[in-house]
Amino acid sequence: MGPRLQPRHRRLAMPSVVLCDTEAVLGGRPLQEGDALIHKDKESDAWWRAEAREVIAGRVLLHYAGCDAEWDTWVDINPETLYRMDPREPSAAFQVTTL
């Protein structure tokens with residue numbers, strides 16, 4: 001088996017945000033900590049399994065499955081690059097070029 005691929009994100013500090021009364025919504029449902037997600041990495045053009053660790057004002061802190069916390073990163077909640085996963089699916093990290 002080849003080397004384990006890692007998403008190319010590095011942990012970034014959360015920028016200052018203005019909190020508002022609206023909920024972060026993805027796929028018609030509020031996005032919450034612990035939600036299983038799949039995220040498209042812009043650099044590698046690959047999709048990665050992740051878990052929502054924090055949700056603040058239209059952004060989510062992702063923890064990538066199978067990766068150390070140093071790879072956690074804040075991303076915008078964007079339905080073009082972030083999807084909900086079925087939580088019953090295996091949580092191993094994976095990379096695909098199409099969804």
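Anything mentioned here points back to the structure above.
J.: Looking at this structure, I do not really get the overall build of the protein chain. What am I missing?
T.: Secondary structure summary: the protein chain contains zero helices and seven strands in total. Written out in order from the N terminus, the α and β elements of the protein chain read β-β-β-β-β-β-β. Every one of the 99 residues in the protein chain was classed for burial, and the buried ones make up 34%. Restricting the contact set of the protein chain to residue pairs at least 6 apart, pairs at least 24 apart contribute 56%.

J.: Is there a simple way to think about the environment of Pro-30 in this case?
T.: Within the fold, Pro-30 resides in strand E2 (residues 29-30). Pro-30 sits 25 residues away from Val-55 along the chain, and the two C-alpha atoms are 10.0 Å apart. If sequence neighbours within four positions are ignored, Pro-30 has contacts with Glu-23, Ala-24, Val-25, Asp-35 and Arg-84.

J.: Just checking my understanding: could you explain the packing of aromatic side chains for this structure?
T.: Scanning the entire structure with this criterion turns up one aromatic pair. Residues Trp-47 and Tyr-83 carry aromatic rings whose centres are separated by 5.3 Å and whose planes lie at 50 degrees to one another, so their mutual orientation is tilted. Of the two residues, Trp-47 is situated in strand E4 (residues 46-56) and Tyr-83 in strand E7 (residues 82-84); the sequence distance between them amounts to 36 residues. Given the relative accessible area of 5%, Trp-47 is considered buried.

J.: Just to check I follow, could you spell out the pattern of salt bridges for this structure?
T.: Where charged atoms of side chains with opposite charge meet at close range, the side chains can pair. Applying the stated criterion to the full structure yields four salt bridges. In this structure, the salt-bridge partner of Glu-51 is Arg-53, at a minimum N-O distance of 3.6 Å. The salt bridge involving Asp-76 is made with Arg-59; its shortest N-O contact spans 2.8 Å. Here Arg-59 lies in strand E5 (residues 59-64) and Asp-76 lies in strand E6 (residues 73-76), a separation of 17 residues in the sequence. Since its relative accessible area comes to 45%, Asp-76 is described here as partly exposed.

J.: Looking at this structure, how should I read unusual backbone geometry?
T.: Working note: non-glycine residues mostly have negative phi, and peptide bonds are mostly trans. Although it is not a glycine, Asp-45 sits at a positive phi angle of roughly 60 degrees. The topology assignment puts Asp-45 in the loop between strand E3 (36-41) and E4. Exposure remark for Asp-45: the relative accessible area of 39% places this residue in the partly exposed category. Positive phi, close to 45 degrees, is recorded for Ala-57, a residue that is not glycine. As for its position among the elements, Ala-57 is in the loop between E4 and E5.

Criteria and cut-off values
- Numbers given to residues run from 1 along each chain, matching the order in which its sequence is written.
- Per-residue local features of the predicted model are confined to residues with pLDDT of at least 70, and side-chain atom pairs are confined, for both listing and counting, to 80 or more; whole-chain, interface and lining totals are unaffected and use all residues.
- Water and hydrogen atoms play no part in the side-chain values, which are based on all heavy atoms of the structure.
- A run of DSSP states H or I qualifies as a helix once it reaches four residues; a run of E qualifies as a strand once it reaches two. Both are numbered from the N-terminal end.
- Only protein chains enter the accessibility calculation, which uses a 1.4 Å probe. A residue is then buried if its area is under 20% of the maximum for its type, exposed if over 50%, and partly exposed in between.
- Any pair of residues with heavy atoms lying within 4.5 Å of one another is described as a contacting pair.
- Classification of ring pairs rests on two measures: the distance between centres of Phe, Tyr or Trp rings, Trp counted by its six-membered ring, which must be within 6.5 Å, and the angle between planes, read as stacked under 30 degrees, edge-to-face over 60 and tilted in between.
- For this document, the term salt bridge refers to a Lys or Arg side-chain nitrogen within 4 Å of an Asp or Glu carboxyl oxygen.

So yeah, pure geometry; function would need other evidence.
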